[in-house]
Amino acid sequence: MSAPVLQLVDIVKRFGSVTAVDRVSIDIGAGEFFALLGPSGSGKTTLLRIVAGLETPDTGRILIGGRDVTLLPPYERGIGMVFQDFLLFPHKTVAENICFPLKMQGRSPSEQREHLEWVLKLVHLEGLEARYPHQLSGGQKQRVALARGLVARPALLLLDEPLANLDRELRKEMEIEVRRFQIELGIPFVYVTHNQEEALTMSDRMAVMHRGRLEQVGPKLEVYAKPATRFVASFVGAANRFTGRLVTVNGSRATFEGDGTRFDVVPPAGAVAGLPVDVFLKSERIRLSPGHVTAADGHNHLCGTLRDAIFKGQYADFIVALPSGQEIVASGTPDLAALDKHRPVTLSWAPEAGDTFPVEST
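Residues numbered from 1 in each chain as written. Predicted model: local features only at pLDDT ≥ 70, side-chain atom pairs only at ≥ 80, totals over all residues. Heavy atoms only, no water.

**Q** Help me understand the overall build of the protein in this model?
**A** The helix and strand tally for the protein stands at 8 helices and 20 strands. Each of the three principal axes of the protein carries a C-alpha extent, and together these read 75 × 45 × 35 Å. Put simply, the protein has 362 residues, and 48% of those count as buried. For the protein, restricting intrachain contacts to residue pairs at least 6 apart in sequence, the fraction spanning at least 24 positions comes to 66%. Here the protein has roughly 17,100 Å² of accessible surface; of this, 52% comes from carbon and sulfur atoms. Once the 40 positive and 42 negative side-chain charges of the protein are each reduced to a mean point, those two points are 2 Å apart. (Helix = DSSP H or I, 4+ residues; strand = E, 2+ residues; numbered from the N terminus. Buried < 20%, exposed > 50% of the residue type's maximum accessible area, 1.4 Å probe, protein only. Contact = heavy atoms within 4.5 Å. Areas by Shrake-Rupley, 256 points an atom, 1.4 Å probe, with all protein chains shown as cover. Lys, Arg positive; Asp, Glu negative; His and termini not counted. Charge placed at Lys NZ, Arg CZ, Asp CG, Glu CD.)

**Q** In this structure, what is going on with the nonpolar core? I would like to understand it.
**A** For soluble globular proteins, the rule of thumb is that nonpolar side chains tend to be buried together. In terms of nonpolar packing, the biggest core is built from 35 residues, with Ile98, Leu159, Val178 and Phe189 touching the most fellow members. The set of elements that each furnish at least two residues to this core consists of α2 (94–104), α3 (109–122), α4 (138–150), β7 (156–160), α5 (168–185) and β8 (189–193). Once you skip the residues sitting within four places of it in the chain, Ile98 turns out to touch Leu116, Val119, Leu120, Val144, Ala147, Arg148 and Val151. Counting residues in hydrophobic clusters, the runner-up holds 26 residues, among them Leu8, Val24, Leu47 and Met81. (Core = buried A, V, L, I, M, F, W, Y, C linked by side-chain atoms within 4.5 Å.)

**Q** Hey, could you run me through the pairing of strand β11 (residues 239–250) in this one?
**A** Inspection of the sheet shows β11 paired to strand β14 (residues 276–282) by 7 bridges, in the antiparallel sense. What sits directly across from Arg245, in β14, is Pro276. Both β11 and strand β12 (residues 253–258) contribute to a ladder of 5 bridges, which runs antiparallel. Opposite Arg245, over in β12, you have Glu257 as the bridge partner. (Pairing = 2+ DSSP bridges.)

**Q** Please explain the side chain of Thr229 as it appears in this structure.
**A** Along the chain, Thr229 turns up in the loop between α7 (220–225) and α8 (230–235). Here the side chain of Thr229 touches Glu215 through a polar contact of 2.6 Å, side chain to side chain. If sequence neighbours within four positions are ignored, Thr229 has contacts with Glu215 and Phe357. (Polar contact = N/O pair within 3.5 Å; in protein donor to acceptor, adjacent residues only side chain to side chain.)

**Q** Hey, could you run me through the pairing of β7 in this one?
**A** Remember that side chains alternate between the two faces of the sheet whenever the strand is regular. Among the 5 residues that make up β7, 5 are buried, leaving the element largely enclosed by the rest of the structure. Where strand β6 (residues 79–82) lies against β7, 4 bridges are found, and the strand directions are parallel. If you follow Ile79 over to β7, its bridge partner there is Leu156. When β7 meets β8, the two strands line up parallel, connected through 4 bridges. Residue pairing across strands places Leu157 opposite Phe189, the latter belonging to β8. For the crossover from β7 across α5 to β8, the handedness is right-handed. (Right-handed = clockwise from strand over helix to strand, strands pointing away.)

**Q** Even after reading the chapter, I still don't get the sheet that holds strand β20 (residues 355–358), so can you show me in this structure?
**A** Two orientations exist for strands paired in a sheet by backbone hydrogen bonds: parallel and antiparallel. The strand order across the open sheet built from 5 strands is β13-β12-β11-β14-β20, with neighbouring strands paired in antiparallel fashion. In this open sheet, the two edge strands, each paired with only one partner strand, are β13 (261–265) and β20. Across the sheet, the mean angle separating the axes of adjacent strands is 40° when strand polarity is ignored. (Axes fitted to C-alpha atoms, helices over the stretch in contact; angles between N-to-C directions.)

**Q** Just checking my understanding: could you explain the sheet that holds strand β17 (residues 316–321) for this structure?
**A** The antiparallel open sheet is built from 5 strands, whose spatial order is β15-β19-β16-β17-β18. Pairing within the sheet leaves two strands with one partner each, and these edge strands are β15 (287–290) and β18 (327–332). With direction set aside, neighbouring strand axes in the sheet form an average angle of 45°. With 6 bridges connecting them, strand β16 (residues 300–311) and strand β19 (residues 344–349) associate as antiparallel partners. Bridged to Asn300 within β19 is Trp349.

None of the figures reported here should be taken as evidence of function without further support.
Below, the structure is given as structure tokens:
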């Protein structure tokens, strides 16, 4: 990674007895699209507000471009911010809304016009300068909010769930556009979302937050394919879960038993026989075959009954009921969707395809 534009050093923020952000440290480089992913209440928005200067950390430091901005107000940090609810002024035109940060910075009218022309072209809003927010579509309002965040050409843009209020099709369109803006500008974007699909689609690297802490930070494919913790395995990617224990452990192989099933896994470090574990298995790592058949050598297999096939375009989700009553989802090509419901099927996968973690104590 290039020299960091944003550095967070041991950030802690408490609200009463609740620790919203717990010793978080991150470095984000120039030109990087960084996603901060987590469920509601994980602390991701609080962390973003601390970077923006809207909240003050109890301890820790924020550096932007090597400059300590921990105690500086937002307008002195050289950042832009885009909010979930747009927060456009209803009585101001598109041009006035976009230029508001420049006006607050005391920029001259000529500078404001220059920056306005540049950003309108970037976000494809030319010709709409005189309209008011109520005259815009949802997508146009979002573009105005993005333009306002970018108009001052900040060193860093912070985005707090900016697409959450858009419908699905418009959200897909704006995902591509936001990514385009970031690539064209070459500045880091820090994008907060609870939507893992958005994070995986748009980011270069991502961090997964849970209960105020960073569970894992890394390239998005690494986080998806090699979850570091039980929470990441359950939260990133639709994973089937088996709960039970390891009945044998032999080096890099162990036998799992639970939920009426028995199969081989790669054990967690230091595992011993009898250890309670959860095994997470992503649907696309499972092969579905008609009938009850034996899997290839070295592969696990479970027999079940096809309960439903849900067609999703380029792939289908197959819901398979096991004899224990547990239902497993396997993803495959749509041509398999012709399988009759209630037909016997076999699920198979390599032991390495699952992610095994000790059960967390309560």
